[in-house]
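# Structural characterization, general
Single-letter residue listing:
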Amino acid sequence: MSDTRDVPFRGGGFVVVPKRGAAVAAFVLLIALWEVSVRFGWISPIFLPSPGSIVQAFVELVSSGTLWKHIGQSLHRLAFGWSIGTLGGLALGFAIGVWSLSRAVGLPLVSALFPIPKIALLPLLILWLGIGESSKVATIALGVFFPTAIATFSAIDGVPRNLIRMGQSFNLPAADVLRKIVLPGALPGILAGFRITASIGLILLVSAEMIGAEYGIGAFILQAGNLMQTDQLLAGVVMLSVLGLLIGTGLTRLERWLLRWR
Amino acid sequence: MELVVEGVSHRYGEVVALEGIDLEVREGETLALIGPSGCGKSTLLGIMGGILQATGGRVRVRGEAPVGSLNPQTYIFQDFALLPWRTVEGNVALALEHHRLQGDEMERRIADVLQRTGLSEFRHAFPKQLSGGMRQRVGIARALAVRPAILLMDEPLSALDAQTRELLMEDFLALWLRERITAVYVTHNLQEALRLADRVCVLSRRPGRVREMVSIDMLQAERATPAAQAHLARLHDRLWGLIKAEAQVAEREVVA
């Protein structure tokens, strides 16, 4: 070989580089564009009020105490519905994941009932339980129950069998195998299910409150829409967004604490 | 304690994995189980350890377990089988917690096995923080904590790199020489079998049957010496001769 050359670099690109400022800048730009569009009359404030007026409506809701009345009702329904659905789903999912007979009976039932949109059952639940709180809580609980059951038994199925065999090889009692191996092994999958069911719970909460409630974020949004108070309507949507964000943050912290070994 | 395997057969549905296995594992000896892929070595080990139920025949133990043995037949797993959510100490403790040991017996046992396996400094580490070799040491420490009479090892070094394998093999040898625990050692690796075993049981291709039992008439401590190499090489050729043709067929079977 007479001459030497550098080997050209060919490995660039296709790497995700964090650009933290970009997201904030895009967000600020979008809001500024929105504000300007309304102020200059390019968009009618009746159909889309400016971000400033939404903030003003939000502040008024906070100071008048209306916000807490609606949020309090919504949180109450969500907490009850989600807890009941989650406890039931965990119990059924655990039974399907661990016992063959429960799986043979429960799995076809879950598969058949899971795809039904649970909000479609609200009129039936109102007939059974009345227009009060029970029917709304039951709708949320039903919506949460099936995904929790599916997440739980799938997570149990995903626990490596060799860990269970290891426990058996050391003569661990069956209860210890479940408590010390199966349950902690399934926990990441169960917690991932919680994230999904929290969103489902929130969607069903708003839908149920729009159908028959005096108080609650869903009811507030519907009333504001009926009165063409779009600034109040969007303030309600902001409330929902903040609520979803807070629930997501709470679950992330719970996950970090429970799965700190990862 | 000795292990006696009498006429053991096993089926997975229509597939006959093992057929008519008769063998004895003598007190204090290390028996290596080798054979082509899919010959049923791990199945046989599972049956010996009572975590698989044979479809035919039986496995019995003869003699008494040593004083303080909490789990006479104890497994060491190929993939370590450690609980990732427990620390090193917690993984060892798992094998002891349900025995309700008196006073600080559990803490003493844990401290003793961690010291013997060189893990004392890592007692609070999680498995993900350890190398493959250290993880397998945790598996060994967990097994030693219950003071086993018979160790059942399912390819314990196969998931490790060559250097770590060599280091752990030396640890195993030291353990054998010090404690003379009866052991059954499943491996694909003929060198491992020749370094560690007193006898090598060669299984045939599926259905697995005992094809030949080869004694290695040399102390383990002498096998690393240059003088032993020619003899071990002859034994290696003999063992390879017994399994080579069937290993080729098995390999094509697995690929197909």
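Everything quoted here is computed from the prediction, not taken from an experiment. (Residues numbered from 1 in each chain as written. Chains lettered and ligands numbered in written order. Predicted model: local features only at pLDDT ≥ 70, side-chain atom pairs only at ≥ 80, totals over all residues. Heavy atoms only, no water.)

### A look at the overall build of chain B
On a plain count of helices and strands, chain B comes out with seven helices and nine strands. Its C-alpha atoms give chain B a radius of gyration of 18 Å, within 12% of the compact-globule value 18 Å for 256 residues. If you line up chain B on its principal axes, its C-alpha atoms span 55 × 45 × 40 Å. Summarising the internal contacts of chain B: among those between residues at least 6 apart in sequence, 72% fall at separations of at least 24. Of the charged side chains in chain B, 31 are positive and 33 negative, and the gap between their average positions amounts to 2 Å. (Helix = DSSP H or I, 4+ residues; strand = E, 2+ residues; numbered from the N terminus. Rg over C-alpha atoms; globule rule 2.2 N^0.38 Å. Contact = heavy atoms within 4.5 Å. Lys, Arg positive; Asp, Glu negative; His and termini not counted. Charge placed at Lys NZ, Arg CZ, Asp CG, Glu CD.)

### A short note on the interface of chain A and chain B
Tallying the contact residues gives 16 residues for chain A and 23 residues for chain B. Summing both sides of the interface, chain A and chain B together bury roughly 1800 Å²; the carbon and sulfur share of this comes to 69%. The largest per-residue losses of area from chain A upon contact with chain B belong to A:Phe170, A:Lys180 and A:Trp261, which jointly make up 40% of the total buried on that side. Our count for the contact surface shared by chain A and chain B stands at one salt bridge. There are eight residue pairs in polar contact (both at pLDDT 80 or more) connecting chain A and chain B. (Buried area = accessible area lost by both parts, 1.4 Å probe. Salt bridge = Lys/Arg side-chain N within 4 Å of Asp/Glu carboxyl O. Polar contact = N/O pair within 3.5 Å; in protein donor to acceptor, adjacent residues only side chain to side chain.)

### Focus: the sheet that holds strand S8 (residues 199–203) of chain B
Residue and element names in this part refer to chain B. Strand order in the open sheet formed by six strands is S5-S6-S7-S3-S8-S9, with mixed pairing between adjacent strands. In this open sheet, the two strands that pair with only one neighbour each are strand S5 (73–76) and strand S9 (210–215). Between one strand and the next, the sheet's axes are offset by a mean angle of 20 degrees, whatever the strand orientation. Looking at chain direction, strand S3 (residues 30–34) and S8 are connected through four bridges and run parallel. Counterpart to Leu31 in the pairing with S8 is Arg199. Packed on one face of the sheet, helix H5 (residues 162–179) meets S3, strand S6 (150–154) and strand S7 (182–186) and runs near 165 degrees to S6. (Pairing = 2+ DSSP bridges. Axes fitted to C-alpha atoms, helices over the stretch in contact; angles between N-to-C directions.)

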